[in-house]
Structure formats: structure tokens, C-alpha cells
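Residue-level structural notes
Here's the letter readout for the chains.
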Amino acid sequence: MINEMTAVLPLLMSDDADALLKDEIINNRLLKINTETTRKRAIAEFQRRYKAVPPAFWNHYLDMSPQAQNIAMFFVVLKAYRICFDFQVNVVIKKWNSVSQSVTFNDVYMQMMEIAADDPFVDSWSDATKRKVVGSYLTILRKVGILDDSDALHPVSLPDADFAFYLTIGEPWFLEACLLQPYEIERIKDSAL
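This section reports on the structure supplied with the text.

Rules used throughout
Residues numbered from 1 in each chain as written. Predicted model: local features only at pLDDT ≥ 70, side-chain atom pairs only at ≥ 80, totals over all residues. Heavy atoms only, no water. Helix = DSSP H or I, 4+ residues; strand = E, 2+ residues; numbered from the N terminus. Rg over C-alpha atoms; globule rule 2.2 N^0.38 Å. Buried < 20%, exposed > 50% of the residue type's maximum accessible area, 1.4 Å probe, protein only. Contact = heavy atoms within 4.5 Å. Areas by Shrake-Rupley, 256 points an atom, 1.4 Å probe, with all protein chains shown as cover. Lys, Arg positive; Asp, Glu negative; His and termini not counted. Charge placed at Lys NZ, Arg CZ, Asp CG, Glu CD. 1 Å grid on protein atoms, 1.4 Å probe; cavity = no way out; pocket = protein on both sides within 12 Å on 5 of 7 lines; lining within 4 Å. Points joined across faces, edges and corners; volume = space filled by probe spheres on them. Core = buried A, V, L, I, M, F, W, Y, C linked by side-chain atoms within 4.5 Å. Phe/Tyr/Trp six-rings, centres within 6.5 Å; stacked < 30°, edge-to-face > 60°. Lys NZ or Arg CZ within 6 Å of the ring centre and 35° of its normal.

1. Points about the overall build of the protein chain
The helix and strand inventory of the protein chain stands at 12 helices and 0 strands. Moving toward the C terminus, one meets the helices and strands of the protein chain in the order α-α-α-α-α-α-α-α-α-α-α-α. Since a compact globule built from 193 residues should have a radius of gyration of about 16 Å, the 18 Å found for the protein chain is in line with a globular shape. With the C-alpha coordinates of the protein chain rotated into their principal frame, the extents come out at 50 × 45 × 30 Å. Going through the 193 residues of the protein chain one by one, you find that 41% of them count as buried. Within the protein chain, contacts between residues separated by at least 24 positions form 58% of all contacts whose residues are at least 6 apart in sequence. By element, 54% of the accessible surface of the protein chain is carried by carbon and sulfur atoms, the whole surface being about 10,500 Å². If the 20 positive side-chain charges of the protein chain are averaged to one point and the 26 negative ones to another, these points end up 6 Å apart.

This is the structure in C-alpha cells:
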């Protein structure tokens, strides 16, 4: 929901955020989501994402190109949802560094089941919920260009300056999460100095 998150971002960034968000839940001026209950849930998730990164991140986000915003929102998702971070590190990066360089639903679902074995909260989810989470994660990968329709993995394509931003905010791991090669990461680090 990148467009919706971007639409409510000025409300989230406001000193009067709570009142403005309550008004949005009731009056639906920006989100255009049909039911109040769904708007309430969506705003709760937007608040979670907003709080996952420092406020200065969002000021920079507003100045990014649409492509860079898309990748920035992927970063926010990885920061806000530990399960997505685990999928990225334990499935996607490992598969990228293997011979196959592809990720299927079953690859991510197996990781979901490993997480559930160690986490009672995740284990309490229904199988339908677990499958929905895996499906949503794969959709995110497709939207940012990491996964194509044939399940092949691809590195994120952005200008070096956009990647350098993540170095300046102390998040160098994100370049590897975007499937950049070590030599590309070094080039970006060198250009950022």
C-alpha cells in the first residue's frame, strides 16, 4: 500500500498526528478505503511502518523518485516486520547466493514453518494466514523487482546515490538485501565517501 502510505505520510509527520489520523479514519479524505474498520487497520499498519525508521528518513523519502520510494518502502517493510526480514535473509539472500537464484512459494513457506516451530505466536496462526503472509511477501518482492513471474531473482536497480542513502543512515545490510554484488556495494561505499 505504498500510495496510501505516501498519502497519509503528511498526517503521520504532523505534530497533531493522532487527531489527524482519527479524522482520516472517520472521514476517509485521503485513503479512499471503503470501511472504517479497514481504514483503522490500515492506519495502524502505517503507524507501525512510520515508527520503524527515524523521522528524518521520511523527509528524505518525500524527495525520492517514485522508483526509489518503492525500494525505500521495501526497506521500511523489512524494518517493521521481522518475519519479512527473516524471509529476506534466510531465503532470498541464500537462494541468490546459490546456484538456483530463484525463490518459490514453497521455499518461503518452509521458512515460515521453521519460524512457527520456534515462535508460539506465529505457530498460532492458521495455515490460511501463514499462506497469505507468504503470498503477500512474494508480491512485495515482485513489486520491487527482486522476483519475476518465473520466480527468478534479480538485484534491485537504482542509481548508486540512492543506495548510498542507506549507508549514510547506518543500514549497509540493505544493499545486500537488494541482492547487490559485493563489488557493487564496495563501489557505492567508495562513492559515498
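2. Digging into the layout of surface pockets
Here the largest pocket is characterised by a volume of approximately 1,200 Å³. Around the largest pocket, the lining is made up of 35 residues, and of these E45, R49, Y81, S136 and I140 lie nearest the centre. Only α1 (2-13), α3 (36-51), α5 (66-80), α6 (82-96), α8 (120-123) and α9 (127-144) provide two or more residues apiece to the lining of the largest pocket.

3. As for the nonpolar core
Within the largest apolar cluster, 66 residues are counted, with the highest numbers of intra-cluster contacts made by F57, W58, I146, Y166 and F174. The leading source of residues in this core is α5, at 10 residues. Filtering out sequence-adjacent residues up to four positions away, W58 remains in contact with M5, L9, M13, R49, Y50, V53, M73 and V76.

4. A closer look at unusual backbone geometry
Non-glycine residue K32 carries a positive phi angle of around 55 degrees. Note that K32 resides in the loop between α2 (17-27) and α3. In this structure K32 comes out as exposed when scored by relative accessible area, which is 57%. One non-glycine residue, L179, adopts positive backbone phi at about 70 degrees. Structurally, the position occupied by L179 is in the loop between α11 (173-177) and α12 (182-192). Classification of L179 as buried rests on a relative accessible area of 1%.

5. Side note on the side chain of Q88
Tracing the backbone shows Q88 in helix α6. On the basis of relative accessibility, which here comes to 1%, the residue Q88 falls in the buried class. With residues up to four places along the chain from it excluded, the contact list for Q88 reads F74, L78, I93, Y137, L141, I146 and A177.

6. Some points on the packing of aromatic side chains
What the rule picks out here adds up to 16 aromatic pairs. Residues F57 and W58 carry aromatic rings whose centres are separated by 5.1 Å and whose planes lie at 85 degrees to one another, so their mutual orientation is edge-to-face. Ring-pair connections join several aromatic residues into one group, and the members of that group are Y50, F57, W58, Y61, F74, F75, F85, F165, Y166, W173 and F174. Here the guanidinium or amino end of R131 rests over the ring plane of Y109, the centre of that ring lying 4.6 Å away.

7. Observations regarding empty space enclosed by the protein
Tallied over the full model, the rule gives 1 cavity of 30 Å³ or more. Per-element tally for the lining of the largest cavity: the top contributor is helix α10 (residues 160-168), with 3 residues.

8. As for the environment of I33
On the secondary structure map, I33 appears in the loop between α2 and α3. Through-space distance from the C-alpha of I33 to that of K79 is 25 Å; in sequence the pair is 46 residues apart. Aside from chain neighbours lying at most four places away, what touches I33 is M1, N28, T38, R39 and A42.

Keep in mind that these numbers describe shape and distance, not what the molecule does.
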